Amino acid sequence: MSRQKVNPLRVLFVTSEAFPLIKTGGLADVSGSLPAALREMGHDVRLLIPGYRQVTEKLQNARQLLQIEQLPMVGSVGLLAGEMPGTGVPVMAILAPQLYEREGGPYLDAKGREWLDNPLRFGILSLVAATLGRKDSPLADWIPDIVHVNDWQSGLTPAFMRHSGAPCAKSVLSIHNLAFQGNCAEEWVGKLGLPHHAYHINGLEYYGQLSFLKAGVYYADSITTVSPTYAAEIQTPDFGFGMEGLLTNRSKDIHGILNGIDTNEWNPATDPHLAHPYDENSLDEKIRIKQALQEHLGLTQDADAPLLGMVSRLTHQKGLDLVLECAKPLLADGCQLALLGGGEPMLEHSFWHLALEYPQQVSVNIGYNEPLSHQIMAGADIFLMPSRFEPCGLNQMYGLRYGTPPVVRRPGGLADSVQDTNPASLRDGSANGFVFDLANASELLAAIRHALACYRNKPEWRQIQQNGMHCDLSWKHSAEAYQGVYQSLL
Ligand code: ADP
């Protein structure tokens, strides 16, 4: 069947992080790869991102594009045009050193506290996006058909467009995590130049505050979220973080599209961070990576000791406190644990203590480390992801791709990407990991022990690994689904 021919669209993709320019989590991975996949389909996609120092330093062929004038509180900002390293996707970075060029991360200072002026920093991102989305945009030779915004950081864009009084592009909001809403004091409505009459339950207001994400949910022409299961979950009180009512009202405009992964960046056969490349036919090489990892992390060098890997933000969402709860029986069974992550101090300290108590079996690296994340993904035998909620989750997919079967809880994208191992799924070739239901340590322990039993049955384990490695995790299907959403608006 020949693919239907579609007209190329102009899409402004607005994001607060994009790999490889700057990354704190999955949003960066999506922003790095979805625009590239859409461009491969013939669409003219351009990224808009704050000009953090990391961004302006890494942009290729950077050149000044134009100034955008008369913005509230900051006056004017510059736009720097350049290209994404690797994919060549065109990028526009907002030059406003007073907002974006700071020590620390995109959202938090070096001590982990939110920047107090985040409403301004991301209000300006949203307003610049809305300005470029107008039919009378200052970028006259590139008027987008679609402005695609992501999470709360660009969530005000559809509100700015709606209240601009000008004809504008259609807007799509993608929700990558409903837990982060960008709520702030009402005074920001006026400071950011939004009309006061819009500060209303049917508008910008959310429980007595201005909410960037709520504004996006209310005003966007279409809403997507990053897995079909999460699209249903966010319309329920358990996962809706208070927005389930509004989301249910918009039900017919919500599309759940499972993320893909960058299969070039995450490819064990070509991964530059691995000393020994491998694929599904040379899985024995994985043992050599495991041994190198054990050595590097100071763990006992034992090819038979099951090595359980974790790479994660350390927050309640990710459920790694459950791993702490069942760590001792696992260590008594002879397992090793390797954690890379950072976040809540309580969790960091608890893992540190465990590592101090069991230095030869537990390795804890606090911080962000791209090469080590690849090495853990490849060198671990089993990947742990017991999230309480998980809009999509990418790490479980990296685990599948690297022949490191994941143990996951069932919510969101985990349910949509991991198939529990049981006699039926082993028979039909879909078994690729281990899934448990309730967020408690005994269920997690049982799921890990199930994985360990399979791990000891080498032919069965090999089949589970290969089933995961054969999954099509590329962006192709997802990018086609986004294209469908765009077209439905035009
Ligand atoms: P989330 O976006 O909720 O943090 P995802 O699983 O969707 O979770 O994506 C997390 C991404 O961030 C993955 O690419 C993962 O490898 C990466 N990551 C998380 N923590 C670290 C870390 N400490 N060092 C390196 N990469 C990390």
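Please refer to the structure higher up on the page.
Heads up: these notes are all about the structure in this document. (Residues numbered from 1 in each chain as written. Predicted model: local features only at pLDDT ≥ 70, side-chain atom pairs only at ≥ 80, totals over all residues. Heavy atoms only, no water.)

### Some thoughts on the pattern of salt bridges
Pairing between side chains of opposite charge can happen when the charged atoms of each approach one another. The final tally for this structure, using the stated rule, is 20 salt bridges. In this structure, Asp 44 and Arg 46 form a salt bridge, with 3.5 Å as the shortest nitrogen-oxygen distance. Judged by relative accessible area, which is 24%, Arg 46 ranks as partly exposed. Sharing partners across several salt bridges, the network here consists of Arg 39, Asp 44 and Arg 46. (Salt bridge = Lys/Arg side-chain N within 4 Å of Asp/Glu carboxyl O. Buried < 20%, exposed > 50% of the residue type's maximum accessible area, 1.4 Å probe, protein only.)

### Structural notes on the sheet that holds strand S14 (residues 336-343)
Pairing is parallel across the open sheet formed by six strands, whose spatial order is S15-S14-S13-S16-S17-S18. A single partner strand is all that each edge strand has here, and the edge strands are strand S15 (362-366) and strand S18 (434-436). Within the sheet, the average angular offset between the axes of one strand and its neighbour, ignoring direction, is 20 degrees. Pairing analysis gives three bridges linking strand S17 (residues 406-409) to S18, with the strands arranged parallel. Bridging from a neighbouring strand, Arg 409 pairs with Phe 436 of S18. Packing of helix H12 (residues 345-357) onto the sheet brings it into contact with strand S13 (307-314), S14 and S15, and relative to S15 it is tilted by some 145 degrees. (Pairing = 2+ DSSP bridges. Helix = DSSP H or I, 4+ residues; strand = E, 2+ residues; numbered from the N terminus. Axes fitted to C-alpha atoms, helices over the stretch in contact; angles between N-to-C directions. Contact = heavy atoms within 4.5 Å.)

### Quick word on the packing of helix H1 (residues 26-40) against helix H19 (residues 476-489)
Where H1 meets H19, the axes come as close as 9 Å, and the angle between the chain directions of the two elements is 75 degrees. The pairing of H1 with H19 is recorded here as roughly perpendicular in orientation. Listed contacts from H19 to Leu 34, Ala 37 and Leu 38 of H1 are Ala 479, Tyr 482, Gln 483 and Tyr 486. Class assignment for the residues of the contact of H1 with H19 results in six nonpolar, one polar and no charged. (Parallel < 35°, antiparallel > 145°, perpendicular 65-115°, else oblique. Nonpolar A, V, L, I, M, F, W, Y, C, P; charged D, E, K, R; others polar.)

### Thoughts on the sheet that holds strand S9 (residues 205-206)
Spatial strand order, S8-S10-S9: three strands in an open sheet with antiparallel pairing. Bordering the open sheet on either side are strand S8 (183-184) and S9, each of which pairs with just one other strand. Direction of pairing for S9 relative to strand S10 (residues 209-211): antiparallel, over a ladder of two bridges. In the strand pairing of S10, Glu 205 is matched with Leu 210. Sitting on the sheet, helix H7 (residues 212-219) touches S8, S9 and S10, and the angle it makes with S10 is about 60 degrees.

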